[in-house]
Amino acid sequence: MKFTTLAVAAIMAASPVMADLVFPSLSYRTGPYAANGIPFADGYEDYFTLLNERDGGIGGVPTKVIECETGYNTEKGVECYEATKAEGALVYQPLSTGITYQLIPKVTADGIPLHTMGYGRTSAKNGKVFSNVFNYPANYWDGASHAVNHIMSQGDIKGKKIALVYHNSAYGKEPIRTLEELSKKHGFELTLIPVDHPGQEQKSQWLQIRREKPDNVIMYGWGVMNQVAIQEAANIRFPMENFIGIWWSGSENDVLPAGDKANGYKALTFHNLGDDYPLYDDLRKYVVDAGKAAGAGDQLGTALYNRGMYAAMLAAEAAKTAQELSGQKELTPALMRDGMEALEITEEKMAAIGLPNFGPTFKVSCENHGGDGLGAVAQWDATAGEWSLITGYEGSDQDVIQGLVDEDSAAFAAESNIDEGCK
Amino acid sequence: MPEQLLFAMEVTLNGLMAGVLYALVALGFVLIFKASGIFNYAQGVMALFAALTLVGIMEGQIPFAHIINAIFGTELHHFGWHVPALLAIILTAGVMVLFAWLVQRYIFQHLVNQEPIILFMATIGLAYFLEGVGDLMWGSDIKKLDVGLPQGINDWIDVTTLEALGYGFFIDNLDISATVVAVFLVAALIIFSQYTKQGRALRAVADDHQAALSVGISLNFIWVLVWSIAGFVALVAGIMWGAKSGVQFSLSLIALKALPVLMLGGFTSIPGAIVGGLIIGVGEKLFEFAIGPLVGGATENWFAYVLALLFLVFRPQGLFGEKIIERV
């Protein structure tokens, strides 16, 4: 009897807890990018904690976040994936383009969905090729188009000089093709200025900008590259209102070291900022004040905490959609994938969650895993020490982007022997 | 004067300034290697740790607050005071002296007479340990470091060169400060090693450990001394680099900028670190200016190593390193 009890207990301990909805968090709380990885991971985990504490999980099924430290290292990220996938992982969000590229073939083979929100392989928007990869609500190419649209909204862009200062990596190079197409379409001159990892020394790049005097600078940076670039831009007195970063160059971490000189710097975003939303009252009540926060609880409302929380919210909404579609409360990765593909985010839904006007509305489909590509522009107010949106959520140039998505995804399908189609 | 020549002059000046910043990091490596034969992999992390400690002290941050709060359920974060920069620098230097003593007492005292590779491995372990301790003590958020050094374009140089040459040169005030500090630091190091008893003892240990020991010089004391000085140099490097980017964990990667400087200048020469830094700084900036646009840019990281390798081929001990003579 005793042996049987022990055996049952051992089997239960060794098996994945199927009753839980498992959301792995491939986080980076250590290393050179920790300052960005921590608030995102905290926001991601806190949202699921809130669902458990307030609602008893999703559809009554508790959620479980399994955290694995990647250090923003691609090899470690793949190890984390391999180590956690058997736990019943429903969706991966690795917060790294490098890890994303390695995971695309793996998740496709394993049937687990991958959500790369605002990063990763842009052409994954084509769900007929990338069946298990989603990049809603916006991607890198949308970001490039948003930046150009914003510059156009400030005046005639024809004949202007625009410099792209980018992290010299797969991530940083993503917008180049889009910007080249947009420069042909709108008649602006594009200068490409790469910055090698980690980007602590950028004197050459900003001397070049000082010599060539571009009208606008667009930045695709990450980590220390952002802080140094903003400081160097201030040093050469480049007008901050003409300097616009992608959403990965738009956190408090990026502007605070430059102090008042960062005032007026702009960054793109696909979600709102600050903590003036009903949901944050619940986060404080059920998570932070209850001592259950993933971190110190002092990051609520910051750009990257909000992004992590938003990523978790989208995963939870997809899980709800999957439960509704399948009629099952307990989900498999395949059901989760179907839920993500049928996800629709409306303003009514966002308001009901406690996040009115927090993010764009969009609808996912088999043909479109990237949503509608809406994005907004935020501007840093150094005196108030806060970001605020200066535009609404606006669309990107799909005439250019969709063609590039089709072209790149077709090339991937050909090299991977994938027959395009909907599942 | 042709525009391109003016640009090249500006790039050269900025390269010299960048070289000084590289040299500041390389100096710490040289000091420890010269005195103890240890290639200190942890030098970059020491710069990070020193800068974290400096900001922590200045801001009145409670060290290990997260752990204290987690254990005792408290909400402690700050003492509620701000420490003036100069006092904070002195206190941080004290912390680095304590760190030097701990390193010597608990690591290297136990590794006397071990192979250089073992000592090197120990510094790798030390680097990761120190990074973890820094994280636990001060947190991993990015901290603004302001010790009152001016930053941004130097208007006088800008205006003067504009009037004289028709093109205003950009020189960062922070780089000028770094240069002044580096000059004082090197002068102080030279005076210390040439004209003080401890300095002469340090040189004696660097020349021959056994001989120094035989005349009554305490190796332990000298090694604590040299690690303390390297800690202070790391603090200076941490201040200069931290002022540019904020104090954050990528600061430890500045060690990567010191390696080609060491290869070029030699591991045992203080002037070598300075001259090596200047050559690397100017070389990589001029190469990026002249050749970078033709090959897509971002040449600096790899070109610094190519330049160092070229020197190594013709002078393996580096420009100022001691010549390697093996008598058989």
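Residues numbered from 1 in each chain as written. Chains lettered and ligands numbered in written order. Predicted model: local features only at pLDDT ≥ 70, side-chain atom pairs only at ≥ 80, totals over all residues.

Draft legend 1. Summary view of unusual backbone geometry. The step from A:Y136 to A:P137 runs through a cis peptide bond, and the omega angle for that step is 5 degrees. Mapped onto the fold, A:P137 is located in the loop between strand 4 (133–134) and helix 5 (140–153). At the junction of A:H197 and A:P198, the peptide bond is cis and its omega measures out at 0 degrees in the coordinates. Although it is not a glycine, B:F64 sits at a positive phi angle of roughly 60 degrees. Here B:F64 is to be found in the loop between helix 2 (43–59) and helix 3 (65–72). Taking the C-beta count within 10 Å as the criterion, B:F64 has 15 such neighbours and is therefore assigned partly exposed. (Helix = DSSP H or I, 4+ residues; strand = E, 2+ residues; numbered from the N terminus. Buried ≥ 20, exposed ≤ 12 C-beta atoms within 10 Å, placed from the backbone.)

Draft legend 2. The packing of helix 11 (residues 255–265) of chain B against helix 13 (residues 300–314) of chain B, seen in detail. Residues and elements named next belong to chain B. Helix 13 packs onto helix 11 with a crossing angle of 15 degrees between their chain directions and a minimal axis gap of 8 Å. The angle between the axes of helix 11 and helix 13 places the two elements in the roughly parallel class. The handedness of the crossing between helix 11 and helix 13 comes out as left-handed. For the pair helix 11 and helix 13, the contacting residues are P260, M263 and L264 in the first and A304, Y305, L307, A308, F311 and L312 in the second. (Axes fitted to C-alpha atoms, helices over the stretch in contact; angles between N-to-C directions. Parallel < 35°, antiparallel > 145°, perpendicular 65-115°, else oblique. Left-handed = near helix turned anticlockwise from the far one by under 90°. Contact = placed C-beta atoms within 7 Å.)

Draft legend 3. Quick look at the interface of chain A and chain B. Between chain A and chain B, the contact holds 33 residues from the first and 34 residues from the second. Elements with a minimum of two residues in the side of chain A that touches chain B: helix 2 (34–55), strand 6 (189–195), helix 8 (203–212) and helix 9 (224–235) of chain A.

Draft legend 4. Expanded view of the sheet that holds strand 12 (residues 376–381) of chain A. All names here are of chain A. On the basis of which strands lie adjacent, the open sheet formed by seven strands has the order 6-5-7-8-9-12-13 and mixed pairing. In this open sheet, the two strands that pair with only one neighbour each are strand 6 and strand 13 (386–389). Taken over all neighbouring pairs, the strand axes of this sheet differ in orientation by 25 degrees on average, direction set aside. With four bridges connecting them, strand 12 and strand 13 associate as antiparallel partners. Paired with A378 across the two strands is L389, which belongs to strand 13. This element, helix 7 (residues 176–186), spans strand 5 (161–167) and strand 6 of the sheet and lies at about 165 degrees to strand 6. (Pairing = 2+ DSSP bridges.)

Draft legend 5. Spatial organisation of the nonpolar core. The biggest cluster of nonpolar side chains holds 229 residues, and the ones touching the most others in it are B:L24, B:A26, B:A47, B:A51, B:V226 and B:V233. No other element matches helix 10 (residues 219–245) of chain B, which puts 18 residues into this core. The residues that make up this core include at least three from each of domain 1 (16–138 + 273–372 + 403–416) and domain 2 (140–269) of chain A. Among residues more than four places away in sequence, those in contact with B:A51 are B:L145, B:G238, B:I239, B:G242, B:V247 and B:L251. (Core = buried A, V, L, I, M, F, W, Y, C linked by C-beta atoms within 7 Å. Domains from an automatic or database assignment.)

Draft legend 6. Examining the pairing of strand 7 (residues 216–220) of chain A more closely. All names here are of chain A. A large share of strand 7 lies buried, amounting to five of its five residues. In terms of strand pairing, strand 5 meets strand 7 through five bridges, oriented parallel. Residue A163 lies in a different strand from strand 7, and its bridge partner there is V217. Inspection of the sheet shows strand 7 paired to strand 8 (residues 243–245) by three bridges, in the parallel sense. What sits directly across from M219, in strand 8, is G245. One crossover worth recording links strand 7 to the parallel strand 8 by way of helix 9, and it is right-handed. (Right-handed = clockwise from strand over helix to strand, strands pointing away.)

Draft legend 7. Expanded view of the confidence of the model for chain B. Mean pLDDT over chain B works out to 92, with 98% of the residues at or above the 70 mark. Predicted complex, confidence summary: ipTM 0.90, pTM 0.91. (pLDDT = per-residue confidence, 0-100.)

Draft legend 8. Main features of the environment of A:N272. Residues and elements named next belong to chain A. With respect to the helices and strands, the residue N272 is situated in the loop between strand 9 (266–269) and helix 11 (278–288). Taking the C-alpha atoms as reference, N272 lies 9.9 Å from V377; in sequence the two are 105 residues apart. Among all residues touching N272, those that are not within four sequence positions of it are N357, F358, G359 and L389.

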